[in-house]
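What follows is each chain in one-letter form.
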Amino acid sequence: MDNRAEVREFLMSRRARLTPELAGIPAGPNRRVSGLRRSEVAMLAGVSVEYYAKLERGGIAGASASVLDAVSQALQLDDTERAHLLDLARAADGIPASGRGRRRAARNPATRPSLHWALDAITDGVAVVRNAQSDVIAFNALGRAFYSPLIGDGGRTPNLARFQFLDPASHDFYPDWELFAEMCVAVMRAEAGRDPHNRAIQDLVGELSTRSDTFGQLWGAHNVRTHGAGTKRFHHPIVGELTLAYEEFAITAEPGHILLIYTAEPGSPSAESLRLLASWEANHPPVVEHN
């Protein structure tokens, strides 16, 4: 990805959304745009207009942490957006976000038996492992049943973003499809900023931009977010409506891989639905093909 273009479009999109009223400065007469002017961001950040204009043109290499922090405050970036800006700056300086050299070939934790033992130990919740490009590479039993619309009949590695934007079944599975779409792209955008040399993410973005107008529009918005924790609604083809809480955990043994766990509030209808789904899965084990 073009780092200068990424920096330019990210800063411009953040400036465009921030009004003088939100920034606490006078709007002034004869204003043609609703967002802040470059000169206003520069004033708020305590830098010259020329220097901020250089940053917004993509010339972020060499910018100090104090300057980036001042720009973040001026643009009222949240924690995820600020981290994204720092990731873009590190990439411009040629420094990996991890502070270490990039691996020649990423290991696949799905080949590690102990990971599957850990997943199988989670029996009352949906547990899956995804990588930075949203491939779902490992499941527990309930996760396999829960994500059956995504997994399908096997074959190609299931991918959350491809399912979201290219599979019509996602509109049934996700009652809040538009919200899920925005979240999916914002998480991908943050992942791409953390690892700008990840060819798999670049290829996925190119594929989805070509095949989905909605993805292209959302990608162009330059929004970023971390998944972290929250609540989502689903409509499962076997057990119907579910409202589940989710928590994400980094797998420290394999940077870039995430353990995602969905659980239901104890005693809720969704908890009963998960129990029904677990019972269904126990009576419909996956078919193992032998060569």
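No experiment lies behind these values; they were computed from the predicted model shown.

> Can you lay out the overall build of the protein chain for me, pointing to particular residues and giving the numbers?
Scanning the protein chain for helices and strands turns up 15 helices and 5 strands. Taking the intrachain contacts of the protein chain between residues at least 6 apart in sequence as the baseline, contacts between residues at least 24 apart amount to 55%. Counting every atom, the protein chain has about 15,200 Å² of accessible surface; 52% of that belongs to carbon and sulfur. Looking at the protein chain, you have 31 positive and 35 negative side-chain charges, and the mean spots of the two groups are 9 Å apart.

> Any details on the nonpolar core? Residues and values, ideally.
In this structure, Phe146, Tyr147, Met188 and Phe234 are the most contacted members of the largest nonpolar core, which totals 42 residues. A total of 8 residues in this core trace back to one element, the largest contributor, which is helix H12 (residues 177-194). Filtering out sequence-adjacent residues up to four positions away, Tyr147 remains in contact with Val126, Val128, Phe139, Leu160, Phe173, Leu260 and Tyr262. Of all hydrophobic cores here, the second largest spans 26 residues; its members include Val41, Val67, Ala70 and Leu77.

> How would you summarise the pairing of strand S2 (residues 136-139) if you had to cite specific residues and measurements?
The sheet contact formed by strand S1 (residues 126-130) and S2 spans 3 bridges and is antiparallel. Directly across from Val128, in S2, lies its bridge partner Phe139. What sits between the antiparallel neighbours S1 and S2 is a turn of 5 residues, in which Ser134 has the positive phi angle 70°.

What counts, and where the lines are drawn
Residues numbered from 1 in each chain as written. Predicted model: local features only at pLDDT ≥ 70, side-chain atom pairs only at ≥ 80, totals over all residues. Heavy atoms only, no water. Helix = DSSP H or I, 4+ residues; strand = E, 2+ residues; numbered from the N terminus. Contact = heavy atoms within 4.5 Å. Areas by Shrake-Rupley, 256 points an atom, 1.4 Å probe, with all protein chains shown as cover. Lys, Arg positive; Asp, Glu negative; His and termini not counted. Charge placed at Lys NZ, Arg CZ, Asp CG, Glu CD. Core = buried A, V, L, I, M, F, W, Y, C linked by side-chain atoms within 4.5 Å. Buried < 20%, exposed > 50% of the residue type's maximum accessible area, 1.4 Å probe, protein only. Pairing = 2+ DSSP bridges.

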